[in-house]
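Structure assessment
One letter stands for each residue in the lines below.
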Amino acid sequence: MIFCSFLFYRNLKHTRKLVDISRNNHRFISANQNTANFNAKAPYFSRYYCSEWTEDVEYLDESGSVIYSGKGIRSVEPGVDDHVMVGGLKKPILNASAVAKLVEIVKRWKWGPDMETQLDKLQFIPNMTHIMQALKVMEDSDASLSLFRWAKRQPWYKPNDACYITLFDKLNQSRDFDGIQSVFDDMVLDSGENGASLFNAYNRVIQYLAKAEKFEVAFCCFKKIQESGCIVDTQTYNSLITVFLNNGLPYKAFEIYESMEKAGCSLDASSYELMIPNLAKSGRLDAAFKLFQQMKVNNFRPGFGIFASLVDSMGKAGRLDTSMKVYTEMQGFGLRPSATMFVSLIESFVKAGKLETALRLWDEMKKAGFRPNYGLYTMIVESHAKSGKLDIAMSVFSDMEKAGFLPTPSTYSSLLEMHAASGHVDAAMKLYNSMTNAGLRPGLSTYTALLTLLAKKKLLDVSAKILLEMKAMGYSVDVNASDVLMVYIKDGSVDLALRWLRFMGSSGIRTNNFIIRQLFESCMKSGLYDSAKPLLETYVNSAAKVDLILYTSILAHLVRCQDENDERHLMSILSATKHKAHAFMCGLFTGPEQRKQPVLSFVREFFQGIDYELEEGASRYFVNVLLNYLVLMGQINRARCVWKVAYENKLFPKAIVFDQHIAWSLDVRNLSVGAALVAVVHTLHRFRKRMLYYGVVPRRIKLVTGPTLKIVVAQMLSSVESPFEVSKVVLRAPGDAVLEWFKKPIVQQFLLNEIPSRADILMHKLNILFPTSAPEIRSLSPPKPLVTGKAI
């Protein structure tokens, strides 16, 4: 009995000890959410972690009966035991339990020394599988990163590709790209120190950074893994290429592509779909087309995007044959062109001027069921209009209106201007009225074209109406009105020009002095002297300066005038010029008492006041016309003075040539009839003095007259029986014969006094022999040397 009590007491003591230990271990088991039962007899004595068996222990119930008998245990040592005891068997710790414990600690402590202390007290030794599975379970990226950094400091840590990928996935989900970059740097060190293959993790990092538009960081990581010798996969290359293209850095993308080729990385379908359109859009058409051909060789089927980009880019670059070839090939693949592709093709052919092909594509587009847009209608209409194909342009224009599109002012203008250029007044006016009724404002070029057309058609009233509408639109109409006036002037419609000028004045529209002068000269040519004088007065009163050419042209009209009434008008017009040459003309015909100086001095004084650098040609023109006038008026001595002074001032420097004793010559081809006659008489007088007084006799003397003046000069000299023989363009005679001729008294009187004024010599064919105003040699610019090879 005593023995039984002792046994019970001993067993009870052990039982309490076991229960206490069991409770402690049960709490640990509960924390890990895992329970292990030894057997059905003692469920509450179960322990999860056990180590070694010690002495035998009997477990009694309350009545003292033995309910279990077995060896005792010792306490578990953290970080040493890697198994549990199930009965008498050692069982390894389950991964799920280990992972759950890791997750529990990290979730509770998050990060910092407390968490690391708890992890250091783990009653088992984790491995990289536990870490990787724990990272997959946890949602907090900061906690995951803390667990990973703790694991890296453990002696059992080994770099693991899958572990890094899991961590990068977590960081990417939380958009923690700074964390990704930091872990990437650690990974590079791990790979270098341990020689671990982290191929997938490397590529995953670059892909995540590229998709997040972190192209600078992504490219930096790309360079690092290239330097480390790691292989970059196709998907990573594509990610980098995509991010650079999306950020407007095509050349950087092509650099990545070249690295891809050097690495021997084969392109897949997505690579082709990515590169070809971007190469095409960036202008590297040859490279794009080469990849396109390579893609087909490698049995990849090009997508619509590739065809569309090539068709568009080749067309815009002017490589129309290649563009059409790709377009046809696309149809061979069973792909249907889009509306955008049709538009691109049509635009390319229109810009290249190949309107027939553009029109064929236009028809194909409509047959395919696509409705041309506003811009395409406009382009087709304007291109055909500008090329002169007005029938097609008007047909498409009509379709455009029926389709409900309101044409732009540019479309109206192109049609209207081409109709105007073609002289189609009715069509142009119809378009103009349609344009204004639609509330559109015609442009300046449109108004200009329309007004020019109406002016050419001499529709003055309609032109005035359009000009006033243009003015009401807010345009400055002075230039356009002047242009219309010039059209009438150039066309010789002086009456219309004068009517238009009166309309301009009544409407407050001004013109310029150049046009006033042109109209004045037109009136002079037409003999409208009454209308010409007010124009000249307007010209002079507007501070415009009448130049010597204009004055001379009026004088030329006076030379040809045969009506006394017209002569009075012309003299009045000459006076209205207020030019200094008119004062010279008036003084030339007065007596010496009024001039108070001889004629020769008076003429010299006038010619000294001429600026020969600017007016040399105008001065020659003036001398020619003035000598004509003086000869006709019988003022031979005055004419000789004018010729002498003109020659002294080198206005005709090559007229007289002394070739020593061989030949003397006078060239009058560039002179008017009156100037030629005066020059011949005065020069022969000079030759006579040299030969008789100085004894110099040349072998021959020539008078170069040209075909026009030959007859007049020959007739004049024949009246005094000259020895000059007439050839085609020259009158020539031996020097000795001329010397004998000079000795005759009649010749001396002829050369000294006057030119015979017989009507059959000087006055025949008056309107032919004497020069006109010669407007073709006049301009407001510094005059060119006057050339009057033949008198008119």
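In this text the structure is predicted, and so the values were computed from the model without any measurement.

Regarding the overall build of the chain
Summing up its helical and strand segments, the chain has 40 helices and nine strands in all. Counting only residues that meet the buried cut, the chain has 48% of its 792 residues in that class. Within the chain, counting contacts between residues at least 6 apart in sequence, those at least 24 apart form 64% of the total. Within the structure as shown, the chain displays about 39,100 Å² of accessible surface, and the carbon and sulfur contribution to it stands at 52%.

Brief notes about helix α36 (residues 706-718)
Over its 13 residues, α36 runs 17 Å from end to end, which matches the ideal 18 Å to within 8%, given 1.5 Å per residue. All of the buried residues in α36 are G706, L709, K710, V712, V713, A714, M716 and L717.

Let's talk about the packing of helix α22 (residues 444-456) against helix α24 (residues 478-490)
Running from N to C, α22 and α24 cross one another at 25°; their axes reach a closest spacing of 9 Å. In terms of their interaxial angle, α22 and α24 are classed as roughly parallel. For the crossing formed where α22 meets α24, the hand is right-handed. Here L444, T448, L451, L454, A455 and K456 of α22 lie close against α24, whose contacting residues are N480, V484, V487 and Y488.

Some thoughts on the pattern of salt bridges
Under the criterion given, the structure shown has 13 salt bridges. In this structure, the salt-bridge partner of E616 is R620, at a minimum N-O distance of 3.0 Å. With E616 and R620 both in helix α33 (residues 612-632) and four residues apart, the pair spans about one turn of that helix. Salt bridges here are not isolated pairs; linked through shared partners, they connect R517, E521 and D547.

A short note on the UniProt feature "repeat: PPR" (unreviewed entry) in the chain
Per the UniProt entry, the sites bearing "repeat: PPR" (unreviewed entry) are residues 233-267, 268-302, 303-337, 338-372, 373-407 and 408-442 in this numbering. Helix makes up 74% of residues 268-302 and strand 0%, and the two end C-alpha atoms of the span are 12 Å apart. This span, residues 303-337, is 74% helix and 0% strand, and a straight line between its end C-alpha atoms measures 12 Å.

Structural notes on the side chain of S672
One can find S672 in the loop between β6 (663-667) and α35 (673-694). Given a relative accessible area of 4%, S672 falls into the buried group. Reaching out from S672, the side chain makes a polar contact with the backbone nitrogen of A675 at a distance of 3.3 Å.

What to know about the nonpolar core
It is characteristic of soluble globular proteins that their nonpolar side chains tend to be buried jointly. Grouped together as the largest cluster of nonpolar side chains are 195 residues, with contacts concentrated most on W500, L536, F607, L717 and F724. Setting aside chain neighbours within four positions, we find F607 in contact with Y612, V623, V642, V645, N649 and L651.

Here's the deal with the packing of aromatic side chains
A complete count under the given rule lists 24 aromatic pairs for this structure. Aromatic pair F584 and F607: ring centres 6.4 Å apart, planes at 80°, arrangement edge-to-face. Taken together, the residues F584 in helix α30 (residues 580-588) and F607 in helix α32 (residues 599-608) connect sequence positions 23 residues apart. Considered together, F584 and F607 belong to a single accessibility category, that of buried residues. An aromatic cluster is built from F584, F602, F606, F607 and F622, whose rings are joined through pairwise contacts. If you follow R690 out to its NZ or CZ, it ends over the ring of F658, 4.2 Å from the centre.

Rules behind the numbers
Residues numbered from 1 in each chain as written. Predicted model: local features only at pLDDT ≥ 70, side-chain atom pairs only at ≥ 80, totals over all residues. Heavy atoms only, no water. Helix = DSSP H or I, 4+ residues; strand = E, 2+ residues; numbered from the N terminus. Buried < 20%, exposed > 50% of the residue type's maximum accessible area, 1.4 Å probe, protein only. Contact = heavy atoms within 4.5 Å. Areas by Shrake-Rupley, 256 points an atom, 1.4 Å probe, with all protein chains shown as cover. Expected span 1.5 Å × (residues − 1). Axes fitted to C-alpha atoms, helices over the stretch in contact; angles between N-to-C directions. Parallel < 35°, antiparallel > 145°, perpendicular 65-115°, else oblique. Left-handed = near helix turned anticlockwise from the far one by under 90°. Salt bridge = Lys/Arg side-chain N within 4 Å of Asp/Glu carboxyl O. UniProt positions renumbered as here; feature names shortened; annotations may be inferred. Polar contact = N/O pair within 3.5 Å; in protein donor to acceptor, adjacent residues only side chain to side chain. Core = buried A, V, L, I, M, F, W, Y, C linked by side-chain atoms within 4.5 Å. Phe/Tyr/Trp six-rings, centres within 6.5 Å; stacked < 30°, edge-to-face > 60°. Lys NZ or Arg CZ within 6 Å of the ring centre and 35° of its normal.

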